Amino acid sequence: MTLSAATTQPKDTAEASQYNRIRRRLTIADMVLNFALLIVLLATGWNATLRDWSYRASGQRYALAVFFYVLMLLLISKVLGSALDYYGFRVEHRFNLSNQKLKSWLWDETKGWLIGLVIGVILVELIYWTIRIAPFKWWLIAWAIYNGLAIFFAQIAPVVLFPLFYKFYPLTNEDLKERLVKLSERAGTRVRGVYEWKLSEKSKKANAALAGLGATRRIILADTLLQNYSPEEIEAVLAHELGHHVHKHIPKSIVLQVGISLIGFWVVAEGLAMAVDREMFATVHDFASLPLLVLMSTVMSFILMPVMNAYSRQKEREADRYAFRSITKIAPFISSMNKLADQNLAEREPSRLVEVWFHSHPPVSKRIAAAEAWLKEHPASA
Ligand SMILES: [Zn+2]
């Protein structure tokens, strides 16, 4: 099938291309910085120096020493990355995409860092605990615990983590609620709630998402979307999110993550065993190996990025097709895509390499082309 309709679409503005180029460079710079930090720690032996400090500070108590170690690593990483973080904040303002004040941003950064610390400490303590109790099969236990934690955090995220950064209110718009009920009925399913996300307090961008698991599963719609889009356009966005729900995309991603992390933990355990064999570390539970474990997982995640993003783009296309089937007219879907691209300064036509490596969603040009192709096959949706 030809997608010739794509040629009639608006092109990327110079501003959008520049904004996305800067954001991408920031992402890459951040990855390189963290990668370099891990390499330097391991190559200079500072990873062992930090471990000795941690032991001394903790009065030789292992679990407390692990906590100090994680704390120091996260502090160093944050301090080194702070210039890039601040530049990222400035870029959003420069392109008129943010209305967040510096003080509010600093507070968000602090909260984000503290959440990272809590999750990081829990995870690392558990990993070194499993290494101590089961030096050979630790990775299997750690893998099970890791996925249990990931599912737990996915479940509590919409009710505990998101509200730390944004306010959420149950949707009050009766017309939209009715549209959603009708969409859900047609799908033979029920979403537990739709929430208005007060994104406008910090950003000029618009967004929507399906989040949570089980009792916390919900559709969230940014107020920036609710204010500026027609009811038909919002319905198209809702239908897309409902498509994720109907096709069980969240549980399916969890299953994929469970499988991939099993291989990941095994590779990390093998790498650690080899490092101990080569006397990089005196014992297998020497937590000075943490930078090596993080390095191995970072490299694996980077290699897997195109795979995970391809998987995600496929799910997005599926949700789009679900939306085409459930809404009566396709035009509002296309106009909502155009509005979102303009408002968020999204790149409509990124290069193929950029799309493959970095994009979790198909580019807007392809999503619109798919909608136009659908329209040709289903003229009744015009
Ligand atoms: Zn989606």
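Residues numbered from 1 in each chain as written. Predicted model: local features only at pLDDT ≥ 70, side-chain atom pairs only at ≥ 80, totals over all residues. Heavy atoms only, no water.

**Section: the pattern of salt bridges**
Part 1: Counting across every chain of the model gives 24 salt bridges.
Part 2: Salt-bridge contacts for Lys 177 lead to Glu 174; the nearest nitrogen and oxygen are separated by 3.5 Å. Of this pair, Lys 177 and Glu 174 are both found in helix 6 (residues 174–187), three residues apart, which corresponds to roughly one turn of the helix.
Part 3: Salt bridges sharing partners connect three or more residues here, namely Asp 175, Arg 179, Glu 232 and Glu 235. (Salt bridge = Lys/Arg side-chain N within 4 Å of Asp/Glu carboxyl O. Helix = DSSP H or I, 4+ residues; strand = E, 2+ residues; numbered from the N terminus.)

**Notes on the coordination of the zinc ion**
Part 1: Around the zinc ion, the protein contributes the donor atoms His 240 (NE2), His 244 (NE2) and Glu 316 (OE), at 2.0 to 2.1 Å from the metal centre.
Part 2: Taken in sequence order, the residues that donate to the zinc ion follow the motif H-x3-H-x71-E. Of this pair, His 240 and His 244 both sit in helix 8 (residues 231–246), four residues apart, roughly one helical turn.
Part 3: Accessibility expressed as a relative area gives 10% for His 244, which makes it buried. (Donors = N, O, S within 2.8 Å, 3.2 Å for Na, K, Ca; no water. Buried < 20%, exposed > 50% of the residue type's maximum accessible area, 1.4 Å probe, protein only.)

**Focus: the packing of aromatic side chains**
Part 1: With the rule as written, the count across this model stands at 16 aromatic pairs.
Part 2: Both rings, one in Tyr 86 and one in Phe 89, keep their centres 6.1 Å apart while their planes meet at 35°; by these two values the pair is tilted. Within this pair, Tyr 86 and its partner Phe 89 are both found in helix 3 (residues 62–94), separated by three residues, close to a single helical turn.
Part 3: For Tyr 86, a relative accessible area of 38% puts it in the partly exposed group.
Part 4: Here a set of aromatic residues connected by ring pairs shows up, and it is made of Tyr 55, Tyr 62, Tyr 69 and Phe 287.
Part 5: Cation over ring: Arg 218 sits above Tyr 195, and NZ or CZ is 4.4 Å from the ring centre.
Part 6: A cation over an aromatic ring shows up here: Lys 339 above the ring of Tyr 229, its NZ or CZ 4.9 Å from the ring centre. (Phe/Tyr/Trp six-rings, centres within 6.5 Å; stacked < 30°, edge-to-face > 60°. Lys NZ or Arg CZ within 6 Å of the ring centre and 35° of its normal.)

**Remarks on helix 6**
Part 1: With 14 residues, helix 6 extends 20 Å between its outermost C-alpha atoms, agreeing within 8% with the 20 Å of an ideal straight helix rising 1.5 Å per residue.
Part 2: Those residues of helix 6 that fall on the buried side of the exposure criterion are Leu 176, Arg 179, Leu 180, Leu 183 and Ser 184. When helix 6 is viewed along its axis, its buried side chains cluster within an angular range of 135° and face the same direction. Of the residues in helix 6, the exposed ones pointing more than 90 degrees away from the buried face are Glu 174, Glu 185 and Arg 186.
Part 3: Taking the backbone nitrogen of Asp 175 as reference, a side-chain oxygen 3.0 Å away marks Asn 173 as the first, capping residue of helix 6.
Part 4: Positive phi appears at Gly 188, one or two residues downstream of helix 6, with a value of about 70°. (Expected span 1.5 Å × (residues − 1). Arc of directions from axis to C-beta. Polar contact = N/O pair within 3.5 Å; in protein donor to acceptor, adjacent residues only side chain to side chain.)

**Considering the environment of Lys 248**
Part 1: Looking at where Lys 248 falls in the secondary structure, it is placed in the loop between helix 8 and helix 9 (249–277).
Part 2: Of the residues examined, Lys 248 reaches a relative accessible area of 52% and is grouped as exposed.
Part 3: As for Lys 248 and Lys 315, which are separated by 67 residues in sequence, their C-alpha atoms are 9.8 Å apart.

**Regarding unusual backbone geometry**
Part 1: Positioned with a positive phi, Glu 279 is a non-glycine residue whose angle comes to about 60°.
Part 2: Mapped onto the fold, Glu 279 is located in the loop between helix 9 and helix 10 (290–326).
Part 3: Phi is positive for Leu 345, which is not a glycine, with a value near 55°.
Part 4: Mapping Leu 345 onto the fold places it in the loop between helix 11 (331–344) and helix 12 (352–358).

**Here we look at the nonpolar core**
Part 1: Judged by nonpolar contacts, the single largest core of 36 residues is most densely connected at Ile 127, Tyr 128, Trp 138 and Phe 281.
Part 2: Elements with a minimum of two residues in this core: helix 1 (14–44), helix 3, helix 4 (102–133), helix 5 (138–161), helix 9 and helix 10.
Part 3: Excluding its chain neighbours within four sequence positions, the residues that come into contact with Ile 127 are Trp 138, Ala 142, Phe 265 and Leu 293.
Part 4: Core analysis: the next-biggest nonpolar cluster, separate from the first, contains 34 residues, Leu 183, Leu 242, Tyr 322 and Val 364 among them. (Core = buried A, V, L, I, M, F, W, Y, C linked by side-chain atoms within 4.5 Å. Contact = heavy atoms within 4.5 Å.)

**As for helix 8**
Part 1: Under the 1.5 Å per step criterion, the end-to-end length of helix 8 is 22 Å for 16 residues, consistent within 8% with the ideal 22 Å.
Part 2: Extensive coverage of helix 8 is indicated by the burial of 13 of its 16 residues.

**Concerning the sheet that holds strand 3 (residues 208–211)**
Strands pair in a sheet through their backbones, by hydrogen bonds, and they do so in one of two ways: parallel or antiparallel.
Part 1: Ordered in space as 1-2-4-3, the four strands form an open sheet in which the pairing is mixed. At either margin of the open sheet sits one strand with a lone partner, and together these are strand 1 (168–170) and strand 3. Adjacent strand axes in the sheet meet at a mean angle of 30°, parallel and antiparallel pairs treated alike.
Part 2: Across four bridges, the pairing between strand 3 and strand 4 (residues 218–222) is antiparallel. (Pairing = 2+ DSSP bridges. Axes fitted to C-alpha atoms, helices over the stretch in contact; angles between N-to-C directions.)

**Focus: the confidence of the model for the protein**
Part 1: When pLDDT is averaged across the protein, the result is 94; 98% of the residues are at 70 or more.
Part 2: Here helix 6 stands out as the element of the protein with the lowest mean pLDDT, 84, in contrast to helix 3, whose mean of 98 is the highest.
Part 3: Every residue in residues 1–6 is under pLDDT 50, and counting partners more than four places away or in other chains gives eight contacts. (pLDDT = per-residue confidence, 0-100.)

**Some thoughts on a nonpolar patch on the surface**
Part 1: On the surface, Phe 35, Ile 39, Val 299, Phe 302 and Ile 303 cluster together into a nonpolar patch covering about 410 Å² of accessible area.
Part 2: With three residues, the single largest contributor to the nonpolar patch is helix 10.
Part 3: The residue Phe 302 is located in helix 10 in this model.
Part 4: In this structure Phe 302 comes out as partly exposed when scored by relative accessible area, which is 36%. (Patch = residues over 30% accessible without salt bridge, like charges linked within 9 Å, V, L, I, M, F, W, Y side chains within 5 Å. Areas by Shrake-Rupley, 256 points an atom, 1.4 Å probe, with all protein chains shown as cover.)

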